[in-house]
Amino acid sequence: MAVFEGNFIQTESLRFAMVIGRFNDLVVLKLLEGCKDCLKRHGIDPEPDGTQVDYVWVPGSFEIPTVARQLALAQKYDAIICLGAVIKGQTPHFDYVSAEVSKGIAAVGFQTGVPVIFGVLTTDTMQQALERAGIKSNHGWEYAMNAIEMASLMRQLRSHLG
């Protein structure tokens, strides 16, 4: 019986893409900073001019799944990190956007076998979003950790399964 777990050791050959929703950029830029910091501290060059991370900017969170799917189909990336923020307003728009984004991002992973990390904050208030993007802790760091772990795990599984 074999046991498989992702690790954070051999990261120099991993490739990532980030799909980033520009809407609510005050929050999203903080998530991006946390994400890049985590990657860098785990031996991954997060710079846009490097070879390990590509960045794709989209207008908002709703557009993230479409672009994530295109990137995953390219089979160039070990994991894709989706960053965005959907903050509740006074209309049902929040419900529609957050539901479709979460379903879309999940579908990309299922359809392609590429780990796609759900890094889209869905909060009731801007204050909650800012707390999750750096005031109390930065979930961007966690999203990067999940991406590294899943990328490593999937490489192990592919190697083992042939």
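Keep in mind that this is a model prediction, so the values were computed, not measured.

A. Broad picture of the side chain of Ser61. Among the structural elements, Ser61 can be located in the loop between strand E2 (53-58) and helix H2 (64-73). In this structure Ser61 comes out as buried when scored by relative accessible area, which is 6%. There is a polar contact of 3.4 Å between the side chain of Ser61 and the backbone nitrogen of Ala85. Beyond its immediate chain neighbours, meaning those up to four positions away, Ser61 contacts Gly21, Gly84, Ala85, Val86, Val101 and Val120.

B. Layout of the nonpolar core. Ranked by size, the top nonpolar core spans 28 residues in total, and within it Phe16, Met18, Leu39, Ile81, Leu83 and Leu121 carry the most contacts. Secondary structure elements with two or more residues in this core: strand E1 (16-21), helix H1 (25-41), E2, strand E3 (79-87), strand E4 (116-123), helix H4 (126-132) and helix H5 (139-161). A total of 7 residues in this core trace back to one element, the largest contributor, which is H1. Those residues in contact with Leu121 that lie beyond four places of it in its chain are Val27, Leu31, Gly84, Ala85, Val86, Ala129, Arg132, Ala133, His139 and Tyr143. One finds Val86, Phe94, Val114 and Val120 within the second-largest nonpolar core, a separate group that totals 19 residues.

C. Representation of the environment of Ile9 in the model. Note that Ile9 resides in the segment before E1. Using a relative accessible area of 67% as the deciding quantity, one classes Ile9 as exposed. Distance in space between the C-alpha atoms of Ile9 and Gly43 is 8.5 Å, their sequence separation being 34 residues.

D. A look at H2. Every buried residue belonging to H2 is among Ile64, Pro65, Ala68, Leu71 and Ala72, and all of these are buried. Down the axis of H2, the smallest arc covering the buried residues is 125°, so these residues share one side. Exposed and facing more than 90 degrees away from the buried side of H2 are Thr66 and Gln70. Buried-residue contacts for H2 involve E1, E2, E3, helix H3 (93-112) and E4. Trailing H2 by a residue or two, Gln75 shows a phi angle of about 55°, which is positive.

E. Structural context of the side chain of Asn24. Mapped onto the fold, Asn24 is located in the loop between E1 and H1. Accessibility expressed as a relative area gives 18% for Asn24, which makes it buried. Not counting residues up to four positions away in its chain, the partners in contact with Asn24 are Ala85, Val86, Ile87 and Met126.

F. Focus on the sheet that holds E1. Taken together, the 4 strands give an open sheet; going across it, the order is E2-E1-E3-E4, and neighbouring strands pair in parallel fashion. Since the sheet does not close on itself, it has two edges, and those belong to E2 and E4, each with one partner. The average angle at which neighbouring strand axes cross in this sheet is 15°, direction not considered. Across 6 bridges, the pairing between E1 and E2 is parallel. Bridge pairing links Gly21 to Val58 in E2. Docked against the sheet, H1 engages E1, E2, E3 and E4, running at close to 155° with respect to E3. Sitting on the sheet, H5 is in contact with E1, E3 and E4, with an inclination near 160° to E4.

Criteria and thresholds
Residues numbered from 1 in each chain as written. Predicted model: local features only at pLDDT ≥ 70, side-chain atom pairs only at ≥ 80, totals over all residues. Heavy atoms only, no water. Helix = DSSP H or I, 4+ residues; strand = E, 2+ residues; numbered from the N terminus. Buried < 20%, exposed > 50% of the residue type's maximum accessible area, 1.4 Å probe, protein only. Polar contact = N/O pair within 3.5 Å; in protein donor to acceptor, adjacent residues only side chain to side chain. Contact = heavy atoms within 4.5 Å. Core = buried A, V, L, I, M, F, W, Y, C linked by side-chain atoms within 4.5 Å. Arc of directions from axis to C-beta. Pairing = 2+ DSSP bridges. Axes fitted to C-alpha atoms, helices over the stretch in contact; angles between N-to-C directions.

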